[in-house]
There are 2 protein chains.
Amino acid sequence: MKKPIPSAKRSAGVTRPRPEPGYHHGELQEALIAASEAILAEQGAEGFTLREAARRAGVSPAAPSHHFGNAQGLLTEVAIRGYDALADALRKAVSDKRSAREKLHAQGMAYVGFALRHPGRFQMMFANKRLLADDARLRQASRAAGAEFEMVVAELVGGTPKQAKTAAAAAWSTVHGFAKLALEEKFGSVSNEAGRREITITLDRILNYLWPASGA
Amino acid sequence: MKKPIPSAKRSAGVTRPRPEPGYHHGELQEALIAASEAILAEQGAEGFTLREAARRAGVSPAAPSHHFGNAQGLLTEVAIRGYDALADALRKAVSDKRSAREKLHAQGMAYVGFALRHPGRFQMMFANKRLLADDARLRQASRAAGAEFEMVVAELVGGTPKQAKTAAAAAWSTVHGFAKLALEEKFGSVSNEAGRREITITLDRILNYLWPASGA
DNA sequence: ATATCTATCTTAACAGTGTTTAGATAGATC
DNA sequence: GATCTATCTAAACACTGTTAAGATAGATAT
């Protein structure tokens, strides 16, 4: 009758001693998220179903609703982790780079690399209608990933904050558009390693064209 | 038993005299495509269902299969018309422009304008998994729209064909990414006219930043 | 230790989806 | 006017997400 949806009571104070399944699963939230990510990795964003996620976690189709409300709630959690992973990748990409231009270049490559390596997750992260688009944590995670871009771009272009914001939007649009078009096979096959390597080369050329060494 | 799927017997030689509904609809293909486009306009890409399209056309859920095979077939036809409309918009955008830079700028604005004015259709055009991605006519229509870009970019950059292709991919990626991110509300609300106008201004700035008046 | 309480999960059902099969109907052809 | 063929319907199937009601297990309190 009541719909509790605690959704974040798991790590409250003391550690849980019994993590393994019984009637009470114990780790259902994590199991459902892991199952969802596995489906996205295997079948892509269109292949996800709530029932399949429940099946893989070994519970009934109704079980997820107690933890996530509905499918959107579960996918929102998956998307948040996706944005966190993306932000990590963008952060790692700049770690060993000197110039701002090198950093931006590396971030662009890392962004598309993430999309090509995790297409299902990536597509779901930007499938607003399948997520709780107004969720505060989701918006924060998305913003945090975008901030990684803005920092590097601000270093590159200098200028006013407005100019920096414009340049950041430009960089994000370019790599995001390239990733999306690549995943829709507009630049050739993406299902084999050879195709992905060629696409990577194309991206490299695009970034060098738009942000040449001489500076903009 | 047999699955005919004529799919293009409509305008074969003589004109059809009786276009209005009976048991034989007469114009079911067009009616289904129109219904689908209406759904996409009203509900977006996620709102489309084959049964709803059939409902609007006044036929049973099984009727579309005789003309389009399945939902992918119908949506492929819708996507083809979408690409045709997009190519038209890109063509019209350059018609009154002088310099190559003006043309590219106008095309970019037109591309995003199309996406913002027809979000459902636009999203469906790039939802490969919901279409017959290998359909020859679909690929041709998509290529034709892309060619509008390549022509203008070749005029702008000159250089080798490879350089032109890189530049075209860069331009397409940027405007496509911007459109996609805008539709996912990453640049603010897009549901009201004020929001759309601000987004248009942002795009204008991005294009001026990436392709400045001084030339590249 | 026993009873109670509460979170967790199941069973069952509902309305909806895309697709297939078999059959009915209407328009065109001979 | 009979036959033929394209077109559409009716019914069924296996799915989907979600909800309501009830069972169970673990924790808490007595």
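Calculation notes
- Residues numbered from 1 in each chain as written.
- Chains lettered and ligands numbered in written order.
- Predicted model: local features only at pLDDT ≥ 70, side-chain atom pairs only at ≥ 80, totals over all residues.
- Heavy atoms only, no water.
- 1 Å grid on protein atoms, 1.4 Å probe; cavity = no way out; pocket = protein on both sides within 12 Å on 5 of 7 lines; lining within 4 Å.
- Points joined across faces, edges and corners; volume = space filled by probe spheres on them.
- Helix = DSSP H or I, 4+ residues; strand = E, 2+ residues; numbered from the N terminus.
- Nonpolar A, V, L, I, M, F, W, Y, C, P; charged D, E, K, R; others polar.
- Axes fitted to C-alpha atoms, helices over the stretch in contact; angles between N-to-C directions.
- Parallel < 35°, antiparallel > 145°, perpendicular 65-115°, else oblique.
- Left-handed = near helix turned anticlockwise from the far one by under 90°.
- Contact = heavy atoms within 4.5 Å.
- Phe/Tyr/Trp six-rings, centres within 6.5 Å; stacked < 30°, edge-to-face > 60°.
- Buried < 20%, exposed > 50% of the residue type's maximum accessible area, 1.4 Å probe, protein only.

Some remarks on empty space enclosed by the protein
All names here are of chain B. Enumeration according to the criterion identifies 5 cavities of 30 Å³ or more in this entry. Counted as a void, the largest cavity has a volume near 50 Å³. Around the largest cavity sit Tyr83, Leu86, Leu90, Tyr111, Phe126, Ser142, Ala145, Gly146, Phe149 and Trp172, which together line it. Elements with a minimum of two residues in the lining of the largest cavity: helix H4 (71-94) and helix H7 (136-157). A per-element tally of the lining of the largest cavity places H7 first, with 4 residues. Here the residues of the lining of the largest cavity sort into 8 nonpolar, 2 polar and no charged.

Focus: the packing of helix H5 (residues 100-117) of chain A against helix H7 (residues 136-157) of chain A
Residues and elements named next belong to chain A. Running from amino to carboxyl end, H5 crosses H7 at an angle of 150°, the nearest separation of the two axes being 8 Å. With respect to their mutual orientation, H5 and H7 come out roughly antiparallel. Taken as a pair, H5 and H7 cross one another with a handedness that is left-handed. Seen from H5, the contacting residues are Ala100, Arg101, Lys103, Leu104, Gln107 and Tyr111; seen from H7, they are Glu148, Phe149, Val152, Val153, Glu155 and Leu156. Broken down by class, the residue content of the contact of H5 with H7 amounts to 7 nonpolar, 1 polar and 4 charged.

Re the packing of aromatic side chains
All told, the structure shown has 12 aromatic pairs over all chains when counted by the stated rule. Between Trp172 of chain A and Phe187 of chain B, the aromatic rings sit 6.1 Å apart at their centres with planes inclined by 85°, giving edge-to-face as the arrangement. Pair noted here: Trp172 of chain A is in helix H8 (residues 161-183) and Phe187 of chain B is in the loop between helix H8 (161-183) and helix H9 (193-210), and the two residues belong to different chains. Assessed through its relative accessible area of 13%, Trp172 of chain A is described here as buried.

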